[in-house]
Amino acid sequence: MNPWRWVDPRVRSVRLAGVRAYLVERGWETKPSTNPLFVRFEPPAGKNNGQSLFQVLPSSDRGNDFVQSITYFLTTMSELEDRHPVEVLDEVLRHQEREAKAIVVGEDGRKQA
């Protein structure tokens, strides 16, 4: 799929925490990267059809190339999951929203300072 034909403007709202939550829920793990500017994710065993599959993203969502990297990430995940990239984007944003609420609201239900 051509990553630029589907791009939804909400892709600019994606943050690394949302991507991480999305992948962790699917069993992906963060692995050490040889370059501190990147974070590496690997799928659970048995989910890669024997291929050496992984995703590498910038370690900060503030870099100039983050949106481009996320666009490629969403496109690749859509191919792996056999669904439209906007469906993956929707889910990443839902995870991101939950992560943000978990940070703002403590275990007692009160907002944290």
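(A) Main features of unusual backbone geometry. With a phi angle near 55°, aspartate 82 is a residue other than glycine that sits in the positive phi range. Assessed through its relative accessible area of 70%, aspartate 82 is described here as exposed.

(B) Quick look at the confidence of the model for the protein chain. Scored by pLDDT, the protein chain comes out at a mean of 87, with 82% of its residues at no less than 70. Of all secondary-structure elements in the protein chain, the lowest mean pLDDT belongs to helix H3 (residues 85–104), at 90, while helix H1 (residues 16–25) reaches the highest, 96.

(C) Structural context of the pattern of salt bridges. One pass over the full model with this rule turns up 10 salt bridges. The partner of lysine 31 in a salt bridge is glutamate 29, and the shortest N-O contact between them spans 3.1 Å. Residue classification places lysine 31 among the partly exposed positions, given a relative accessible area of 30%. The exposure class assigned to glutamate 29 is partly exposed, which follows from its relative accessible area of 44%. Note that glutamate 91 is salt-bridged to arginine 83, the shortest N-O span being 2.9 Å. One network of salt bridges, in which partners are shared, links Glu25, Arg26, Glu81, Arg83 and Glu91.

(D) Region of the structure containing the packing of aromatic side chains. According to the stated counting rule, one finds one aromatic pair in the structure shown. Relative to phenylalanine 73, the ring of tyrosine 22 has its centre 6.5 Å away and its plane inclined at 85°; by these criteria the two rings are edge-to-face. Pair noted here: tyrosine 22 is in helix H1 and phenylalanine 73 is in helix H2 (residues 66–81), with a separation of 51 residues, a long-range link.

Conventions we followed
Residues numbered from 1 in each chain as written. Predicted model: local features only at pLDDT ≥ 70, side-chain atom pairs only at ≥ 80, totals over all residues. Heavy atoms only, no water. Buried < 20%, exposed > 50% of the residue type's maximum accessible area, 1.4 Å probe, protein only. pLDDT = per-residue confidence, 0-100. Helix = DSSP H or I, 4+ residues; strand = E, 2+ residues; numbered from the N terminus. Salt bridge = Lys/Arg side-chain N within 4 Å of Asp/Glu carboxyl O. Phe/Tyr/Trp six-rings, centres within 6.5 Å; stacked < 30°, edge-to-face > 60°.

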